[in-house]
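Descriptive analysis of the structure
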There are 4 protein chains.
Amino acid sequence: MEKKTLLTDCPDAMGLISKITNICYKHQLNIVHNNEFVDHSHSQFFMRTELEGYFNDETFLFDLDRALPEGSQRRLIGSERKRIVIMVTKEAHCLGDILVKTFDGTLDIEIAAIVGNYDHLAELARNFGIPYHHISHEGISRDEHEALLLETVQQYTPDYVVLAKYMRILTPNFVAQFPHKIINIHHSFLPAFIGAKPYQQAFERGVKIIGATAHFVTNDLDEGPIITQNVIPVDHNFSAKDMARAGKDVEKSVLSKALGLVIDDRVFVHGNRTVIL
Amino acid sequence: MEKKTLLTDCPDAMGLISKITNICYKHQLNIVHNNEFVDHSHSQFFMRTELEGYFNDETFLFDLDRALPEGSQRRLIGSERKRIVIMVTKEAHCLGDILVKTFDGTLDIEIAAIVGNYDHLAELARNFGIPYHHISHEGISRDEHEALLLETVQQYTPDYVVLAKYMRILTPNFVAQFPHKIINIHHSFLPAFIGAKPYQQAFERGVKIIGATAHFVTNDLDEGPIITQNVIPVDHNFSAKDMARAGKDVEKSVLSKALGLVIDDRVFVHGNRTVIL
Amino acid sequence: MEKKTLLTDCPDAMGLISKITNICYKHQLNIVHNNEFVDHSHSQFFMRTELEGYFNDETFLFDLDRALPEGSQRRLIGSERKRIVIMVTKEAHCLGDILVKTFDGTLDIEIAAIVGNYDHLAELARNFGIPYHHISHEGISRDEHEALLLETVQQYTPDYVVLAKYMRILTPNFVAQFPHKIINIHHSFLPAFIGAKPYQQAFERGVKIIGATAHFVTNDLDEGPIITQNVIPVDHNFSAKDMARAGKDVEKSVLSKALGLVIDDRVFVHGNRTVIL
Amino acid sequence: MEKKTLLTDCPDAMGLISKITNICYKHQLNIVHNNEFVDHSHSQFFMRTELEGYFNDETFLFDLDRALPEGSQRRLIGSERKRIVIMVTKEAHCLGDILVKTFDGTLDIEIAAIVGNYDHLAELARNFGIPYHHISHEGISRDEHEALLLETVQQYTPDYVVLAKYMRILTPNFVAQFPHKIINIHHSFLPAFIGAKPYQQAFERGVKIIGATAHFVTNDLDEGPIITQNVIPVDHNFSAKDMARAGKDVEKSVLSKALGLVIDDRVFVHGNRTVIL
């Protein structure tokens, strides 16, 4: 018996749940979990179905494609472990959290490689036996640097690229190679404090809550679809530096949570929003 | 076109979603929202289906009953406003919150009456034009008091009875009249601090978080199925009295939230737990 | 024995706590609670001291003024109940919460009057026996409307003006009459979603958390010093309307909490930030 | 210039803040931060004072001791890094978090050694260059095992012992060696679910929120003074195993936060409660 996940993203129509689940039933596939969502304002239907049984992918998908309306997207995903490349700069907390969670099995991923524009985290990567590529941006052009990065990342054919506090902005060329495959952690409660130094901005505005946002990277800085967010309270005792320190825990837990949702195939991108089933 | 909600609670079996949604489809009923949950450890299936269309209840339920396994429970609930009786003692915050939310339409209920064992809240009830029954427990036996309460409450044939800080324990006889129909707010994060004076207990234990729990009332004190809970942080600056004051906001929002879930027919009772769809 | 609160806001200097508490001691005033904060980046000292004893305000303040550095501000505030005027538009939840909390003593304030640019909430005000002034903005100029508002509010000589979902922007002239005396609730987690329709903005951005912000009103829209904020989680199931509905509870609790802090004389304004002691 | 922290814990009396801060002033010690708390119900005064200057400990403490009431405790603590021994069983998340936070400087501690009753975490310790002692409890008596543990831990003369999911109960003899020096993480929101398998207990009770509690270890199981707690929401979708998985993040952040407070000398033990300044 195998486990697979069926993701359906299609125009809404009457009888969709019935049609899809009928096909599962006909193929003797047991529905372990099922979640659906209809965006009534856009008449779009989303369904995530965890299936168990003996799969004939070809005939199953053939039946589905006949039943689904035009313009439908559906994916049948096996339970293979996802391959991840992590990009970092200097800060250890997000990377460290993913490493420990992978070490103890909380995150069921394969970390293929870590790529950093500094070598500060090479030792940490080595401690966990993960290849570390130090690709400095110094002394070369932005385009040259990204070409090196891209070549390095692509050789691992990752399912997802995780920016674990990678502090440089990726160009459209890089982003285009990994559509909805790059997950970033931004150290603010977006859309507050877009851009550089969000904790300094938060301090100056005098907010009483700070946060972190994990999102897919698009070409609009800090504007990609949000996967998850979380916050912590602060008060007048917090300098911008204190906020940055306190924010580390929420950054890493938000990034790890987002990564967990993505590798479990729970995240649909829907315009600039996400549907998480 | 009408809106109704179908609640299905039955032994798990292969093809259930398919069968139920097929029947909806066949009856030309549109599924507006659908949520299901399978408790795999108990092999029990729960589904809540919001339907829209022209209903023939008899034939629809007949078809359903033929399709569902033995031991199934299903209810088709119309969209009539629920009738509520609220029981209180002296504290105004939970009652006040329900009154204001009903006044402004946030809670779509009919408050049939308010029953108090003191008259402290009679004025507040009157301000909102709701009948208030002052049924003092003084000078009469527990059984006499409850007989009076029961008679008063039952004359309103409520869908649900809400204990909005009603500070006396109801007897099994009373509870038996309203199985899973009495919602209580307990001013602690149950199962911590069962029984009397939970804030005093919390203070003495030196907890750093306090909470409130809304649950269905059963014959085991503070042991009924939990509907929802919430918490707030406290610290050494809080006396037991400060905790009680700070806890009011969480009590009232937890009770109102639970009531909202219940009147939207989202809450299944499953053993001593709830499934909320 | 009386209770008073001393608020000190002055340039930082060595020995300040010692000097101030010495003067309290010399005047036989018992310190019930004391909190201080130094903003080291601006070398500014803040202290809030709850005192108990027999006060000779004149000699006590004379001694203080001799001890404090140049440029100091200090206020000695008695324990009289603060007088509040509340301004509203159509929504009941924030007003209702303040009314119920005042009714049951959770907020120890005197609500002198309620002023609305619609009459939707007149009945609710009347239920609680508070004068309601309906001052419509229709058919008159902005300046005429504000002149009427100002005249009405000022006749009550309020300590604070609370905008409990008052949905019009006040002009600089109005704001200037009540410096750091007008408390507003904004229905977003500022600085995200400044301006109109924040829930619609939040929905379109696809955020996973929404919030509310209570702040002092200045002439920069939604830019005044923040008093307190809180948030709640949302997900793809929430339409903008659902967010607005869910946000009501957090709006009202944030506004009531801010009002509680302000009337307890806990809030110092420090540039565009607040220090809460 | 040195930095030291003065902790005062004494019977309340009029003029205490004045007396203590006078002595600081007289010794030309600058107060960088100061926090005090009076437990009025027990007439006990607590103050934490961060001082900067040139210290003559002997004369400073002599002056203090003359000024403070009988029964006072005061400690003047230098800014040396605290030495920690961590005890573990099999789970990596709490240990991993402390290791990464120490690696990147978020926790400013010296991890002297890690002691485990299994060898599951030896590799993780080795990755970070920390000595790991595997002291199995198998094949020996409880007393023999604890004698070995005690000998091993004591050779490092730790300031604090951290139980990072050490799953065995320590005997009174062990605890007595480290009064208020052993910090434990319990995987429930105490006092709910004391003892074994708290997530299983939480699942069975059907709670909607789970949590974790960091506390000092005393001889009463899970009854020691609570340092900090935090919670996360759960629902009917969570099995006991899911709760355990989801709880890991809150366990580790609560333990690390408690450890941070303790090593910053912010935690006073007051009966069975803590005062955190």
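Residues numbered from 1 in each chain as written. Chains lettered and ligands numbered in written order. Predicted model: local features only at pLDDT ≥ 70, side-chain atom pairs only at ≥ 80, totals over all residues. Heavy atoms only, no water.

Per an unreviewed UniProt entry, chain A goes by Formyltetrahydrofolate deformylase and derives from Photobacterium lutimaris. Under Catalytic activity (unreviewed entry), UniProt gives the following word-for-word description of chain A: "(6R)-10-formyltetrahydrofolate + H2O = (6S)-5,6,7,8-tetrahydrofolate + formate + H(+)". Per UniProt, chain A carries the Sequence similarities (unreviewed entry) text "Belongs to the PurU family." (UniProt positions renumbered as here; feature names shortened; annotations may be inferred.)

Take the domain arrangement of chain A next. All names here are of chain A. Here chain A is partitioned into domain 1 (2-77) and domain 2 (82-276). The distance between the C-alpha centroids of domain 1 and domain 2 comes to 32 Å. The interface is formed by twelve residues belonging to domain 1 together with nine residues belonging to domain 2. Together domain 1 and domain 2 conceal approximately 870 Å² of surface at their shared face, both sides included; 58% is due to carbon and sulfur atoms. The interface formed by domain 1 and domain 2 holds one salt bridge in total. E50 is the partner of R266 in a salt bridge, and the nearest nitrogen-oxygen pair spans 3.7 Å. (Domains from an automatic or database assignment. Contact = heavy atoms within 4.5 Å. Buried area = accessible area lost by both parts, 1.4 Å probe. Salt bridge = Lys/Arg side-chain N within 4 Å of Asp/Glu carboxyl O.)

Right, let's get into the relation of the copies chain A and chain D. You can overlay chain A on chain D at an RMSD of 0.0 Å; the transform is a turn of 180° with a shift of 0.0 Å along its axis. What the rotation and shift describe, once combined, is the action of a two-fold rotation axis. If distances are taken from each C-alpha of chain A to the rotation axis, the shortest is found for N127 of chain A, at 2.4 Å. By residue overlap, the copies meet face to face through one surface: 100% of the interface positions of chain A are interface positions in chain D. (Least-squares fit on C-alpha atoms with pLDDT ≥ 70 in both.)

Residue and element names in this part refer to chain C. Counting buried positions over the five residues of strand 9 (residues 182-186) gives five, a clear majority of the element. Neither face of strand 9 is open: one carries I182, N184 and H186, the other I183 and I185, and all of them are buried. Both strand 8 (residues 160-163) and strand 9 contribute to a ladder of three bridges, which runs parallel. Bridge pairing in strand 9 places L163 opposite N184. Regarding topology, helix 6 (residues 172-177) serves as the crossover connection from strand 8 to the parallel strand 9, and that connection is right-handed. (Buried < 20%, exposed > 50% of the residue type's maximum accessible area, 1.4 Å probe, protein only. Helix = DSSP H or I, 4+ residues; strand = E, 2+ residues; numbered from the N terminus. Pairing = 2+ DSSP bridges. Right-handed = clockwise from strand over helix to strand, strands pointing away.)

This brings us to the side chain of Q229 of chain C. As for its placement among the helices and strands, Q229 of chain C is situated in strand 11 (residues 226-233). A polar side-chain atom of Q229 of chain C sits 2.9 Å from the main-chain amide nitrogen of K208 of chain A. Within the structure, the side chain of Q229 of chain C is placed 2.9 Å from the backbone oxygen of L190 of chain C, a separation counted as a polar contact. Discounting residues that sit within four places of it in the chain, Q229 of chain C has contacts with V207, K208 and I209 of chain A together with F189, L190, A212, T213 and V254 of chain C. (Polar contact = N/O pair within 3.5 Å; in protein donor to acceptor, adjacent residues only side chain to side chain.)

Opposite the 31 residues of chain C that make contact, chain A presents 31 residues. Interface area, chain C with chain A, both sides summed: about 2700 Å², of which 60% is carbon and sulfur. The largest per-residue losses of area from chain C upon contact with chain A belong to R205, H236 and R273 of chain C, which jointly make up 29% of the total buried on that side. The interface formed by chain C and chain A includes two salt bridges. At the surface where chain C touches chain A, the tally comes to 14 residue pairs in polar contact (both at pLDDT 80 or more). Elements with a contribution of two residues or more to the side of chain C that touches chain A: helix 7 (198-205), strand 11 and strand 13 (273-276) of chain C. At six residues, strand 11 of chain C tops the list of elements feeding residues into the side of chain C that touches chain A. Grouping the amino acids of the side of chain C that touches chain A by side-chain chemistry returns 16 nonpolar, nine polar and six charged. (Nonpolar A, V, L, I, M, F, W, Y, C, P; charged D, E, K, R; others polar.)

Let's shift gears to the packing of aromatic side chains. Applying the stated criterion across every chain yields a total of 20 aromatic pairs over all chains. For the pair F37 of chain C and F46 of chain C, a centre-to-centre distance of 6.2 Å together with 25° between the ring planes defines the contact as stacked. Overall, F37 of chain C belongs to the buried group, its relative accessible area being 8%. Consider the rings of F46 of chain D and F268 of chain D, whose centres lie 5.5 Å apart with planes at 75°: the pair is edge-to-face. Of the two residues, F46 of chain D is situated in strand 3 (residues 44-53) and F268 of chain D in strand 12 (residues 267-270); the sequence distance between them amounts to 222 residues. What makes F268 of chain D buried here is its relative accessible area of 5%. Taking the ring centre of F55 of chain C as reference, the NZ or CZ of K4 of chain C above it sits at 5.3 Å. (Phe/Tyr/Trp six-rings, centres within 6.5 Å; stacked < 30°, edge-to-face > 60°. Lys NZ or Arg CZ within 6 Å of the ring centre and 35° of its normal.)

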